[in-house]
Amino acid sequence: MNAAARTVHAACPHDCPDTCAMRVTVEGGRVVRIAGDPEHPSTAGALCTKVSRYAERTYHPERLLHPLKRVGRKGEGRFERISWDEALDAVAVRLKAIAARDAQAIVPYSYAGTMGLLQGESMAARFWHRLGASRLERTICSSAGGEALAATYGGKVGMHLRFFAQSKLIVVWGSNSIASNLHFWTLAQQAKRDGAKLWCIDPRRTETADKCHRHLALRPGTDGALALALMHELVVHGWIDRDYVARHVEGFDALRERALQWPPARAAAVCGVPADDIRELARDYGTTKPAAIRLNYGMQRVAGGGNAVRLVALLPCLVGAWRDAAGGLLLSSSGWFAPHRDDAALQRPDLLGGRRPRTVNMATIGDALLHPGGGGFGPRIDALVVYNSNPVAIAPESPKVAAGFARDDLLTVVLEQFATDTVDHADIVLPATTQLEHLDVHTSYGHTDVLINEPAIAPLGEAKPNTQIFRELAARMGYDEPCFADDDEALLRQALRGVDLRELRGRGWVALPLPDAPFADGGFLTPSGKARVDAPGVGVADVVPNHECAESAPALAARYPLAMISPPARHFLNSTFVNVRSLRSVEGEPRLEIHPDDATPRGIASGMRVRVFNDRGRYRCTAEVSTRARPGVVNALGIWWRKFGVDGTNVNEVTSQRLTDLGRAPTFYDCLVEVQAEPAA
Ligand SMILES: Nc1nc2c(c(=O)[nH]1)N[C@H]1C(S)=C(S)[C@@H](COP(=O)(O)OP(=O)(O)OC[C@H]3O[C@@H](n4cnc5c(=O)[nH]c(N)nc54)[C@H](O)[C@@H]3O)O[C@H]1N2
Ligand SMILES: Nc1nc2c(c(=O)[nH]1)N[C@H]1C(S)=C(S)[C@@H](COP(=O)(O)OP(=O)(O)OC[C@H]3O[C@@H](n4cnc5c(=O)[nH]c(N)nc54)[C@H](O)[C@@H]3O)O[C@H]1N2
Ligand code: SF4
Ligand SMILES: [Mo]
């Protein structure tokens, strides 16, 4: 290393369960190298392909580096450069005028573009609370599974990542781990080398499924039926850990009755898989110790997603898998941080001062924007302030979302790093810093370490951190509470409880003190300490069919016979990185995987342009005839920017705004379509 070079501790900001620790090398004020921290246990020196290219993203020639104001039509993306003063004054004047009528007409829209506690919801939340703006229900990803875990275990908690390496059976359930949870996959490979058997449960034959011993390609949204059939086998073969169940499970008798109604043959018909495969999986699960399940959010984006997670989450309780550190289940570890996060100090809900603004669900932003107001919904939405998210591309049923964002009477302010589809609809664009340019601190939903992110370089151009933008907006609004003067160092000190900041900043990360096998002797986070079959308000976990399937909607299924799922593409992160040319070129173009049995009768061959449609909309992409798709299911890998799509559309053109059974979350993978070949041009 050159004498002038220095290295700082950083954290990957992305919405990924791995939350990697990074080391960033700076020379002459420029980032020259980004690497995984070799000393951080789960990162183990390795970053994924996407984030290895993070410097390319920061120094991208298309970074937004100055405030902009719209000069073209909404959606057109024509802007002119303005000063920060002009931009912030314009926003403050408009927000004040709207707030004078009703602050609830202003809606913040944000998600996990950065998972950082500071650049996520700290100063921004203070601002919204003080203003009394509508509150956003942040449901777009994980709230069905999150509520399910809370119902069953009392919180979003599970087994520790590192112990998967010692499991003897790993069920990879609704997770394309090689693409979206790489550092878990490394441990699963280690277990495999040491003799573990790996099962993959996924409608798509993913690259992960290819590397597991067995793959169960069930129909989307049928995981609950599969879980009950596994329980049926556990019961009839006597593989239940009766002692564990008696001491640590509440409501087992009702579950047993329900499971006995689901012999493998019944579930096989629902799931579209061989009954013998279900029996084999049940035998493996009932007789192998320790057995671990890596569940991921892919399987809860359907009508019954919440109930399916509840049922799967009960499996490790029935066989006593929790007795062992290398047994149990992991969907999310984020709840382990709850005692250490001081969200109230950071976000200051007390600034609401007794006001109770209405909530707006981010999963139905299309309908919300087109809503005229009144009728129990509250005032019409007059202003939207977007940060850490790209709703025009990622929210369901985008014909409505785009129409909403195109409303001329709507003020749209977007804080962004790049000119996304959402930015194209903004009135005012405020340039935001990237992870290399700001301070932050991170918890994780895949492991249990706290990570620091020190700024490596000064902000590029005139970009500012989200915290600073909201601080300056607060000043313009005349908010003089001392909390609006807190700088990022102060926010860092307020964010956490019981974490030694000196140690955190010295080493880059701090591990939470937690027992290896958290539920070896029960101690779930429910009031009784037992895992619950029957949770208050939601009843006994049950099978809930998709909104869109032959059983619930036969007429619809006759017209639109194919079920479409749209899981993440390996080289994108949701819609992030779509504009990084090197990564986009690996993904090629928007593709639809379709099984030969479905392609042949439709005259579809690989490479053909196809139209994917239903009553909500249509979009165009390129067909790939492939056995990665199972018969009856097409896979559209997400999430392309609309403007990089074939005709300014993407897969969310056809997804629906209907919600899940728990958590009011979107049902992206509960979507019937038809596919047609387009005549060659
Ligand atoms: N490379 C990359 N990594 C990512 C992301 C990304 O976009 N790209 N996204 C990040 C985000 S936001 C999240 S939330 C996480 C997790 O994101 P997830 O959405 O959980 O993503 P995957 O791990 O790909 O798991 C989804 C898998 O579930 C499968 N699936 C779809 N429907 C069903 C079903 O009904 N049942 C079952 N059993 N399986 C089903 C899909 O085929 C896919 O292989 O990943 C994060 N990591
Ligand atoms: N069809 C379909 N749709 C889906 C999904 C699917 O599987 N299929 N997955 C869903 C899921 S799981 C999720 S989590 C959502 C994700 O949707 P989003 O949360 O909107 O995620 P991204 O598309 O990655 O957009 C994040 C944006 O934040 C910006 N950003 C990053 N850091 C900062 C920062 O510090 N400041 C500011 N101001 N901006 C920043 C990035 O440039 C990026 O444009 O998409 C959902 N949509
Ligand atoms: S996206 Fe995930 S795997 Fe890639 S560096 Fe970030 S945390 Fe690690
Ligand atoms: Mo997500």
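Structure's up top.
Given the structure is predicted, the values throughout are model-derived calculations rather than measurements.

So, how was this worked out
- Residues numbered from 1 in each chain as written.
- Chains lettered and ligands numbered in written order.
- Predicted model: local features only at pLDDT ≥ 70, side-chain atom pairs only at ≥ 80, totals over all residues.
- Heavy atoms only, no water.
- Pairing = 2+ DSSP bridges.
- Helix = DSSP H or I, 4+ residues; strand = E, 2+ residues; numbered from the N terminus.
- Axes fitted to C-alpha atoms, helices over the stretch in contact; angles between N-to-C directions.
- Near = heavy atom within 4 Å.
- Polar contact = N/O pair within 3.5 Å; in protein donor to acceptor, adjacent residues only side chain to side chain.
- Areas by Shrake-Rupley, 256 points an atom, 1.4 Å probe, with all protein chains shown as cover.
- Nonpolar A, V, L, I, M, F, W, Y, C, P; charged D, E, K, R; others polar.
- Buried < 20%, exposed > 50% of the residue type's maximum accessible area, 1.4 Å probe, protein only.
- Salt bridge = Lys/Arg side-chain N within 4 Å of Asp/Glu carboxyl O.

The strand order around the closed barrel formed by 6 strands is S24-S28-S25-S27-S26-S29, and the pairing between neighbours is mixed. Along the sheet, successive strands turn relative to each other by an average axial angle of 45°, direction set aside. Strand direction decides the pairing type here: strand S24 (residues 562-565) and strand S28 (residues 633-636), joined by 3 bridges, are parallel. Paired with Ala563 across the bridge in S28 is Val633.

To continue, consider the site of ligand 1. Taken together, 34 residues lie around ligand 1, and Ser180, Asp202, Asp223, Phe572 and Asn574 are the ones closest in. Contact distances for ligand 1 include 2.4 Å between an oxygen atom and a side-chain N or O atom of Ser180. At 3.3 Å from a nitrogen atom of ligand 1 is found a main-chain nitrogen or oxygen belonging to Ala569. Out of a free accessible area of 890 Å², ligand 1 has 98% covered by protein chains.

So, on to the site of ligand 3. What surrounds ligand 3 is the set Cys12, Cys16, Asp18, Thr19, Cys20, Leu47, Cys48, Val51, His183 and Leu573. Here the residues of the shell around ligand 3 are counted per class, giving 7 nonpolar, 2 polar and 1 charged.

In this structure, Gln119 sits in the loop between strand S6 (106-110) and helix H4 (123-131). Exposure remark for Gln119: the relative accessible area of 0% places this residue in the buried category. In this structure the side chain of Gln119 is engaged in a polar contact, spanning 3.1 Å, whose partner is the backbone nitrogen of Thr467.

Next up on the list: the pattern of salt bridges. For the structure shown, the criterion picks out 57 salt bridges. Residues Arg591 and Glu587 are paired through a salt bridge, measuring 3.5 Å at the closest nitrogen-oxygen approach. Overall, Arg591 belongs to the partly exposed group, its relative accessible area being 22%. Where Arg609 meets Glu589, a salt bridge forms, and the shortest distance between an N and an O atom there is 4.0 Å. Here Arg609, found in strand S26 (residues 609-613), pairs with Glu589, found in the loop between helix H23 (581-587) and strand S25 (591-594); they are 20 residues apart in sequence, far enough to count as distant. We classify Arg609 as partly exposed; its relative accessible area is 31%. When its relative accessible area of 36% is taken as the criterion, Glu589 is described as partly exposed. Among the charged side chains, a network of salt bridges with common partners joins Arg101, Arg380, Asp382, Arg407 and Asp409.

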